[in-house]
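Topology and contacts: notes
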Amino acid sequence: MTPAFRSRQFWLPRPLFSLFLALLWLLMVNEVSVAHALLGLALGVGIPFVTHGFWPEEAKIRRPLPLLRYLLVLLVDILRSNLVVALRILRPARHLQPGFFTYPLVLEDDFAITILASTISLTPGTVSIHYDAEANTLLVHALHLEDEAEAIAAIRERYEQPLEEIFR
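Numbering of residues starts from 1 in each chain and follows the order in which that chain's sequence is written. The predicted nature of this model means local features are confined to residues of pLDDT at least 70 and side-chain atom pairs, given and counted, to a pLDDT of 80 or more, with totals for whole chains, interfaces and linings taken over all residues. Values reported for side chains reflect all heavy atoms of the structure, with hydrogen atoms and water molecules removed beforehand.

1. Focus on unusual backbone geometry
Positive phi values are uncommon outside glycine, yet Asn30 reaches one of about 55 degrees. Secondary structure follows DSSP: runs of H or I at least 4 residues long count as helices, runs of E at least 2 residues long count as strands, and numbering of each begins at the N terminus. Relative to the helices and strands, Asn30 resides in the loop between helix 3 (15–29) and helix 4 (34–51). Each residue gets one of three labels from its accessible area relative to the maximum for its type: buried under 20%, exposed over 50%, partly exposed in between, using a 1.4 Å probe on protein chains only. On the basis of relative accessible area, Asn30 is assigned to the exposed category, the value being 69%.

Given below as structure tokens:
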């Protein structure tokens, strides 16, 4: 057997992602049993093993504590945005002002930009539509856009600056 086949990197290319997939499986089936735990571990090891050739280089999370803070802010924003969007839609007079805006990126790391675009899309009421690599911008659609500059400032402060800190 060659040394490459014996290495942990070969058999377990993304250990944290494997753990995440196993835990995600247990959450999805909503039942903790030996069979589900083993199936979750098999999926957690098998999926990264089969797909590791398609992944770019591994993301370098430099500071994990800001990542936890980022996830907490994201969770609160998702909950708050759900309530705001529900109230806007359920009101008889909706007064929605949908609109597009171009978000100028400061981030340069592809993985961090992907996380930012996903964060924008996860937050109800906004969707990142297109990434322009040449201009380093994201095209974003908002369900209700009153002030473009305010929306850009909010994304920069709440999401992009923390991502810079996490991935720098």
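Moving on, there is more to tell.
2. Some thoughts on helix 4
At 3.6 residues per turn, the α-helix brings residues three or four places apart onto the same side. In a regular helix each residue adds 1.5 Å, so 18 residues correspond to 26 Å; helix 4 covers 26 Å between its end C-alpha atoms and thus fits that length. Within the sequence span of helix 4, burial applies to Gly40, Gly44 and Pro48. The arc that holds every buried residue of helix 4, seen down its axis, measures 40 degrees, which confines them to one face. Away from its buried face, by an angle of more than 90 degrees, helix 4 presents the exposed residues Val34, Ala35, Leu38 and Val50. Any two residues whose heavy atoms approach within 4.5 Å at even a single point are treated as in contact. Buried-residue contacts for helix 4 involve helix 3. Each residue after the first adds 1.5 Å to the expected span of a helix. As used here, the arc belongs to the directions running from the helix axis to the C-beta atoms.

3. What to know about a nonpolar patch on the surface
To count toward a patch, a residue needs a relative accessible area over 30% and no salt bridge; like charges are then connected within 9 Å, while nonpolar side chains (Val, Leu, Ile, Met, Phe, Trp, Tyr) are connected within 5 Å. To measure how exposed things are, a 1.4 Å probe is used in the Shrake-Rupley method; for residues, cover is taken only from the protein chains shown. Each reported salt bridge corresponds to a side-chain nitrogen of Lys or Arg within 4 Å of a carboxyl oxygen of Asp or Glu. Together, Phe20, Leu24 and Met28 give the surface a local cluster of nonpolar side chains, amounting to about 300 Å² of exposed area. Structurally, Leu24 is set in helix 3.

4. Quick word on the UniProt feature "transmembrane region" (unreviewed entry) in the protein chain
UniProt positions are given in the numbering used here, feature names are shortened, and annotations may be inferred rather than shown by experiment. As annotated in UniProt, the feature "transmembrane region" (unreviewed entry) corresponds to residues 68–90 in the numbering used here. Between the end C-alpha atoms of residues 68–90 the distance is 33 Å, and the span holds 100% helix and 0% strand.

5. Some thoughts on the nonpolar core
In summary, soluble globular proteins display a tendency toward joint burial of nonpolar side chains. With 23 residues, the main nonpolar core has Phe101, Tyr103, Leu116, Leu138, Ile155 and Leu163 as its most contacted residues. Of all the secondary structure elements, the ones that give two or more residues to this core are helix 5 (64–90), strand 1 (99–104), helix 6 (110–122), strand 3 (137–142) and helix 7 (148–167). With seven residues, the top contributor of residues to this core is helix 7. The contacts of Ile155, once residues within four sequence positions are left out, are Phe101, Tyr103, Leu116, Ile120 and Glu160. Take the buried Ala, Val, Leu, Ile, Met, Phe, Trp, Tyr and Cys residues and link them wherever side-chain atoms come within 4.5 Å; each set so joined is a nonpolar core.

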